[in-house]
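# Chains, contacts and geometry: an overview
Each chain, written out:
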Amino acid sequence: EPRLRRQNLMSMFMPPKAWLLVIVAEATAALVQPTFGCHYTSGHIAVRSALSMSLPPCTRVGDEQWPANLLRRDVLQQTATTAAAAAAASALPRDATAAPAFPKWKQVDLPIATESPILFDIDFDTGNPKNGFIVGNRGTFLQTVDGGNSWQAKSFANLDPDEEINYRFTKMSFLNGEGWIIGKPAILLHTKDSGSSWERVPLSPKLPGDPYGIIALGSGKAELSTSAGAIYTTENSGRNWKAQVRETIDATLNRVSSSGVQGASYFSGSINTIIRDLDGAYLAVSARGNFYLTYRPGDEFWVPHNRETSRRITSMGFVKDRLEDGLWMSTAGGEISKTPGSVDTQLINIPFDRLQIKSGGYGILDVAFVPGSSQAWAVGGGGIIFESKDGGKTWQKDKSADDLPTNLYKIKFFQNKGYILGSNGVLLTNTA
């Protein structure tokens, strides 16, 4: 038989242990036969690809076919080399040969005067969109006048420099040249000239909780929320305030403790998240993360709700900044869920659908659903960034901040321009 003749011939020139290598090399040659520059057939089976159709025929050597211009030892050497290369290529990870993803976010250089500050908020004046501000802890206060391309460190003339570094400026809001900033220890600052000068607005020592949120509503008008769930409005630049909710969250929970809200009896009297949508609705998360509350304009009380998971709530927000578009929720372990449609705030158990995201266990700290599109972004601990192009159904990791030693706390969009704020003074902006 031809196969026996081949084996006898092989045994004359090499030890038996080398037979297997030659057989594997020859088998691999059937897969990479265009390398030899001819058609390759074995027995009654012909391996003919679109590439091999244009190649010259091979010269028969025994029961095999080889290029006429190659000796058998050359072919064996070439097939062995090709087999090793094919094995090495197959051992590579599938993504190793893929083109690297283009970073969609880049870091912005900031003139940070203090060591490793945390940036908490960013906003731009609607009356002058190129004029913007950033606030953070350790008295961090920055301004841009060119739409965010460059930033300068600023200070407040009515605050002593030694005193200012102790402040933690957390939130701000601008509307048509008028702006407000709040912070801890309890402080409220107000400007009427787009940040050129600031005045300190006195706060009552009887204020329930610390200032937590501030929204500019027009000339001399603003809405202030506190860590106790109190909501106040002013129409005279902060000289007088009017309560919008009849009682604090603590008082509401004491009154409805038997309403079926799990964890309400463990309420510590404060919240760790309170945000307002564009229509005046509010969302708050208890400090323990075991339940949340909603409030609509015109309501007299907060409405508590159960979380639909055993995991602690990390953060919550409005889809596209409106309650009517839904709510999102992130929980311990890096999970995200979203309401399937419109939200009935009178329900104790509002339904949520879990979204497909592989966060690797890092906590998701903020999510932004971009208005007018199906794009969404999620940021969190360890500098993780995720993008969704289908309204949050699926998420893909963005590696723009993988090498930055930071936790990313907030993401905000001003039309198509986005910013991500984090620890260690990190500010990112989108490149597209």
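### Side note on the overall build of the protein chain
Along its length, the protein chain carries five helices and 32 strands. Residues classed as buried in the protein chain amount to 47% of the 432 residues present. A separation of at least 24 residues holds for 45% of the contacts in the protein chain among residues at least 6 apart in sequence. Carbon together with sulfur atoms contributes 52% to the accessible area of the protein chain, which is approximately 22,200 Å² in total.

### Considering the nonpolar core
Ranked by internal contacts, the top residues of the largest apolar core, which has 14 residues, are Ile249, Ile274, Ala284, Leu293 and Trp302. Mapped onto this core, the elements with two or more residues apiece are helix H5 (249-255), strand E18 (271-276), strand E19 (282-286) and strand E20 (291-295). Here the element with the most residues in this core is E20; it accounts for three residues. Residues contacting Leu293, with those up to four places away along its chain left out, are Ile249, Leu253, Tyr282, Leu283, Ala284, Trp302, Val303, Pro304 and His305.

### Side note on the pattern of salt bridges
A full pass over the atoms with the stated rule returns 10 salt bridges. Linking Glu387 and Lys104 is a salt bridge whose minimum nitrogen-to-oxygen distance equals 2.7 Å. With Glu387 in strand E28 (residues 385-388) and Lys104 in the loop between helix H3 (72-91) and strand E5 (105-107), this pair connects stretches of sequence that are 283 residues apart. For Lys104, a relative accessible area of 28% corresponds to the partly exposed category. A salt bridge links Glu335 to Arg311; its shortest N-O distance comes to 3.2 Å. Placement of Glu335 in strand E24 (residues 335-338) and of Arg311 in the loop between strand E21 (303-306) and strand E22 (313-318) is noted, with a sequence separation of 24 residues between them.

### Side note on unusual backbone geometry
Omega for the peptide link from Lys184 to Pro185 comes to -10°, which places this bond in the cis form. Positive phi outside glycine occurs at Ser237, with the angle close to 60°. Summarising the element assignment, Ser237 is placed in the loop between strand E16 (231-234) and strand E17 (242-243). The exposure class assigned to Ser237 is buried, which follows from its relative accessible area of 10%.

### Things to note about the packing of aromatic side chains
In total, this model carries 20 aromatic pairs according to the counting rule given. Judged by centre distance (5.3 Å) and plane angle (65°), the ring pair of Phe156 and Phe169 falls under edge-to-face. Of the two residues, Phe156 is situated in the loop between strand E9 (152-153) and helix H4 (161-164) and Phe169 in strand E10 (residues 168-175); the sequence distance between them amounts to 13 residues. There is no split in this pair, since Phe156 and Phe169 are both buried. Seen in terms of ring centroids, Phe414 and Tyr419 are 6.2 Å apart; in terms of plane orientation they differ by 65°. Their pairing is edge-to-face. According to the relative accessible area criterion, Tyr419 is buried, its value standing at 1%. Members of the aromatic cluster, connected to one another through ring pairs, are Phe133, Phe141, Phe156, Tyr167, Phe169, Phe174 and Trp198.

### Concerning the pairing of strand E30 (residues 408-414)
Pairing between E30 and strand E31 (residues 417-422): six bridges, direction antiparallel. Pairing of Ile411 across the sheet is with Ile420, part of E31. In this structure, the hairpin formed by E30 and E31 is closed by a connection of two residues, where Gln415 is found at a positive phi of approximately 60°.

### Description of the confidence of the model for the protein chain
Caution is warranted with low-pLDDT regions, since their predicted coordinates should not be read in detail. Summing up the model confidence of the protein chain, the mean pLDDT is 81 and the portion of residues at 70 or higher is 73%. Every residue in residues 1-76 is under pLDDT 50, and counting partners more than four places away or in other chains gives 74 contacts. Taken as a whole, residues 84-100 scores under 50 in pLDDT and shows one contact with residues more than four places along the chain or in a different chain.

### Things to note about the side chain of Thr406
Tracing the backbone through its elements, the reader meets Thr406 in the loop between strand E29 (396-398) and E30. In terms of polar contacts, Thr406 uses its side chain to reach the backbone carbonyl oxygen of Ser423, at 2.9 Å. When near neighbours in sequence (up to four residues on either side) are disregarded, Thr406 contacts Gly382, Gly383, Gly422, Ser423, Asn424 and Val426.

### Notes on the sheet that holds E9
The pairing of strands in a sheet comes from backbone hydrogen bonds and takes either a parallel or an antiparallel form. Here we have four strands laid out as an open sheet, ordered E6-E7-E8-E9, and antiparallel in their pairing. What marks the edges here is a single partner per strand, and that holds for strand E6 (119-125) and E9. Pairing between strand E8 (residues 141-144) and E9: two bridges, direction antiparallel. In the sheet register, Gln143 faces E9, and the bridge partner there is Gln152.

Each value, and the rule that gives it
Residues numbered from 1 in each chain as written. Predicted model: local features only at pLDDT ≥ 70, side-chain atom pairs only at ≥ 80, totals over all residues. Heavy atoms only, no water. Helix = DSSP H or I, 4+ residues; strand = E, 2+ residues; numbered from the N terminus. Buried < 20%, exposed > 50% of the residue type's maximum accessible area, 1.4 Å probe, protein only. Contact = heavy atoms within 4.5 Å. Areas by Shrake-Rupley, 256 points an atom, 1.4 Å probe, with all protein chains shown as cover. Core = buried A, V, L, I, M, F, W, Y, C linked by side-chain atoms within 4.5 Å. Salt bridge = Lys/Arg side-chain N within 4 Å of Asp/Glu carboxyl O. Phe/Tyr/Trp six-rings, centres within 6.5 Å; stacked < 30°, edge-to-face > 60°. Pairing = 2+ DSSP bridges. pLDDT = per-residue confidence, 0-100. Polar contact = N/O pair within 3.5 Å; in protein donor to acceptor, adjacent residues only side chain to side chain.

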